Structure formats: structure tokens, C-alpha cells
Amino acid sequence: MQNTSQKKKILFIDRDGTLIIEPPIDFQVDSLEKLEFYPGVFQSLSKIASQLDFELVMVTNQDGLGTDSFPEADFWPAQNKMTQALENEGISFNEVIIDKTFPEDNAPTRKPGTTLLESYFSDEYDLENSFVIGDRWTDVELAKNLNAKAIFINSDDNSLKNEKELTKRIVLRTTSWSEIYDFFHLNPTLF
């Protein structure tokens, strides 16, 4: 068994609403015109990637990707442009995990399910000192299901009702990538 300090820690990072702005009308980034980065993501995530010892994994639900209502040909140009722009700033993802199902499918592959993340349930990884960064309760619930911590990018106070069990997983609630960097930079003993 590996020593905990030698195990890899992961930042599981949501895409829409976290790395990029989620379009409020159809919730699909299906064109380059809709691609808009979350404020501060380049500067802060670049520092996190270069200064801290985390692997980065993008985990995203893309409702119905590949269907007539969300063709893959519309998705990939924006996705590829986004990952290239991030890589240009030193932000590279070890893996990009995309679930294409709809919420009503209740698929175990869809966040907060962990089926697509099973490779991280091994002695190689320190999930207890890993984080899920996202803007929805499914991201916080994913943190719970992984036995990780959650950073919740959300300012909607109404979303706190009836979520007391999940709230315990949240170590930081913010709308600022700068605050996320400061959290990691100022609290190195927490992970």
C-alpha cells in the first residue's frame, strides 16, 4: 500500500459554469460564439497547476451530446478551442471525462455517479485529499461519492435549502477563481 503523501491528488473540475460560462438559454456551448471563459480562470488555475501537486481531470455532463439537438460536430470545435486556450496557459488535463446522457436516463456514468471515474478508486490516488470544483449540487454530491472535498462555485443562497448533508462536503463556497487559488495557497496543510 502506498504512503498517503505519495499518492496522487486530483482536482476534478466541472466544465460549464466553472471553467466556462454556461449559456443561460439552452445551456449548450455548441459554437465558438458561445465560448466565454469564467473570469479569472486562466490566471488562477494556471498558478494552481504550476505551483501545487494536483492532477487535473475535467468531468462534465453534456446532456444528449451526439443527438440531433446537440450534434458532436457543434460541440468539438468549442471544446477543442477551450482546451487549447487552457493549455496555452499551462493548464493541461490528465483526462477529460464526458457523460452524454440526459438527467432522466439516471445513468451511473452521469455526475454524481462515479462509473466513469472508477480508475481513480485505487491505491494510486488520494481521494480524501482531492477536490471536486463545480457549480451544481451534483458536483458536491460527486465529491461525497468520491470521498473528496468540494469547492462550490455558486452564489445562489436559495440552493442551500435541504442540502445540509452535502453542505458538510463544501470547504469553500465562492464565485472567484482567485479565492480558490488563495484557498489552496494559504491552506497547504489541509490536503
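These notes cover the structure that comes with them.

About the thresholds
- Residues numbered from 1 in each chain as written.
- Predicted model: local features only at pLDDT ≥ 70, side-chain atom pairs only at ≥ 80, totals over all residues.
- Heavy atoms only, no water.
- Phe/Tyr/Trp six-rings, centres within 6.5 Å; stacked < 30°, edge-to-face > 60°.
- Helix = DSSP H or I, 4+ residues; strand = E, 2+ residues; numbered from the N terminus.
- Buried < 20%, exposed > 50% of the residue type's maximum accessible area, 1.4 Å probe, protein only.
- Salt bridge = Lys/Arg side-chain N within 4 Å of Asp/Glu carboxyl O.
- Axes fitted to C-alpha atoms, helices over the stretch in contact; angles between N-to-C directions.
- Parallel < 35°, antiparallel > 145°, perpendicular 65-115°, else oblique.
- Left-handed = near helix turned anticlockwise from the far one by under 90°.
- Contact = heavy atoms within 4.5 Å.
- Pairing = 2+ DSSP bridges.

Once that is clear, we can look at the packing of aromatic side chains. Per the counting criterion, the structure on display carries eleven aromatic pairs. Ring centres of phenylalanine 54 and phenylalanine 131 lie 5.9 Å apart, and the angle between their planes is 75 degrees; this geometry places the pair in the edge-to-face category. Of this pair, phenylalanine 54 sits in strand 2 (residues 54-61) while phenylalanine 131 sits in strand 4 (residues 131-134), and the two are 77 residues apart along the sequence. A single burial state applies to phenylalanine 54 and to phenylalanine 131, both of which are buried. Aromatic side chains tryptophan 137 and phenylalanine 152 sit 4.7 Å apart centroid to centroid with 45 degrees between the ring planes, which places their arrangement in the tilted category. Of this pair, tryptophan 137 sits in helix 3 (residues 137-146) while phenylalanine 152 is found in strand 5 (residues 149-153), placing the two residues 15 residues apart along the sequence.

Counting across every chain of the model gives eleven salt bridges. Here glutamate 22 ties to arginine 136 by a salt bridge, and the two come within 2.7 Å at their closest N and O atoms. Taken as a pair, glutamate 22 in the loop between strand 1 (9-13) and helix 1 (41-51) and arginine 136 in the loop between strand 4 and helix 3 lie far apart in primary sequence, 114 residues in all. Relative accessible area serves as the criterion here: at 40%, arginine 136 is assigned to the partly exposed category. A salt bridge links aspartate 30 to lysine 34, with the shortest nitrogen-to-oxygen separation between them at 2.9 Å. Judged by its relative accessible area of 18%, aspartate 30 falls in the buried class. Several salt bridges converge on common partners, so that one network encompasses Lys8, Glu55 and Glu124.

Let us look at the packing of helix 1 against helix 5 (residues 177-186). Packing of helix 1 against helix 5 leaves a shortest axis separation of 8 Å and a crossing angle of 20 degrees. Considering their axes alone, helix 1 and helix 5 lie roughly parallel with respect to each other. Of the two possible hands of crossing, helix 1 and helix 5 adopt the one that is left-handed. Judged by residue contacts, Val41, Ser44, Leu45, Lys47, Ile48 and Gln51 of helix 1 engage Trp177, Ser178, Ile180, Tyr181, Phe184 and His185 from helix 5.

Reading across the sheet, the six strands line up as 3-2-1-4-5-6 and stay open at both edges, with parallel pairing between neighbours. Strands at the two margins of the open sheet, each flanked by one partner only, are strand 3 (95-99) and strand 6 (170-174). Within this sheet the neighbouring strands show an average axis-to-axis angle of 15 degrees, counted without direction. Pairing of strand 4 with strand 5, which is carried by four bridges, proceeds in the parallel orientation. Each residue of the ladder has a partner; that of glycine 134, found in strand 5, is phenylalanine 152. Sitting on the sheet, helix 5 touches strand 1, strand 2, strand 4, strand 5 and strand 6, and the angle it makes with strand 6 is about 150 degrees.

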